[in-house]
Amino acid sequence: MNSGVKGFFQKYGGGIIGGLIALVLACTKLYRVVIGIVLVVIGIWAGNYFQKNKEFVKEKLKNLIDKM
């Protein structure tokens, strides 16, 4: 019996922990903070990418606009 429970938690432990964290976030409405943080990180990443690949982005946007 013990190896069955241990095996179950070894196999599905990450999912169980993730589910518990999601439940706590949903119950406390902290998911709004998490979504805000994720959006800020995506914005920082996008800004950095556009700055480092300025010519490439300009060319892709120009081609996209020309196709419209």
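The rules behind the values
Residues numbered from 1 in each chain as written. Predicted model: local features only at pLDDT ≥ 70, side-chain atom pairs only at ≥ 80, totals over all residues. Heavy atoms only, no water. Phe/Tyr/Trp six-rings, centres within 6.5 Å; stacked < 30°, edge-to-face > 60°. Buried < 20%, exposed > 50% of the residue type's maximum accessible area, 1.4 Å probe, protein only. Helix = DSSP H or I, 4+ residues; strand = E, 2+ residues; numbered from the N terminus. Patch = residues over 30% accessible without salt bridge, like charges linked within 9 Å, V, L, I, M, F, W, Y side chains within 5 Å. Areas by Shrake-Rupley, 256 points an atom, 1.4 Å probe, with all protein chains shown as cover. Salt bridge = Lys/Arg side-chain N within 4 Å of Asp/Glu carboxyl O. Axes fitted to C-alpha atoms, helices over the stretch in contact; angles between N-to-C directions. Parallel < 35°, antiparallel > 145°, perpendicular 65-115°, else oblique. Contact = heavy atoms within 4.5 Å. Nonpolar A, V, L, I, M, F, W, Y, C, P; charged D, E, K, R; others polar.

Caption draft 1: Expanded view of the packing of aromatic side chains. If you walk through the whole model with that rule in mind, you get four aromatic pairs. Considering the side-chain rings of Phe8 and Phe9, the 5.6 Å spacing of their centres and the 80 degrees angle between planes classify their relative orientation as edge-to-face. Note on Phe8: relative accessible area 43%, which makes it partly exposed. Seen in terms of ring centroids, Trp45 and Tyr49 are 5.6 Å apart; in terms of plane orientation they differ by 20 degrees. Their pairing is stacked. Of this pair, Trp45 and Tyr49 both sit in helix H2 (residues 31–52), four residues apart, roughly one helical turn. With a relative accessible area of 31%, Tyr49 lands in the partly exposed category. A connected cluster of aromatic rings, assembled from ring pairs, spans Phe8, Phe9 and Tyr12.

Caption draft 2: Fine view of unusual backbone geometry. Phi at Lys29 is positive, roughly 60 degrees, even though this residue is not glycine. Tracing the sequence through the fold places Lys29 in the loop between helix H1 (2–28) and H2. Exposure remark for Lys29: the relative accessible area of 48% places this residue in the partly exposed category.

Caption draft 3: Expanded view of a nonpolar patch on the surface. A cluster of nonpolar side chains, namely Val5, Phe8, Phe9, Tyr12, Ile16, Leu20 and Leu23, defines an oily patch on the protein surface of about 650 Å² accessible area. Along the chain, Tyr12 falls in helix H1.

Caption draft 4: Molecular detail of the packing of H2 against helix H3 (residues 54–67). The contact between H2 and H3 brings their axes to 5 Å, and the two run at 95 degrees. Taken together, the axes of H2 and H3 are roughly perpendicular relative to one another. Where H2 approaches H3, its residues Tyr49, Phe50, Gln51 and Lys52 are matched on the opposing element by Lys54, Phe56 and Val57. Looking at side-chain class alone, the contact of H2 with H3 contains four nonpolar, one polar and two charged residues.

Nothing here speaks to function; it is all geometry.
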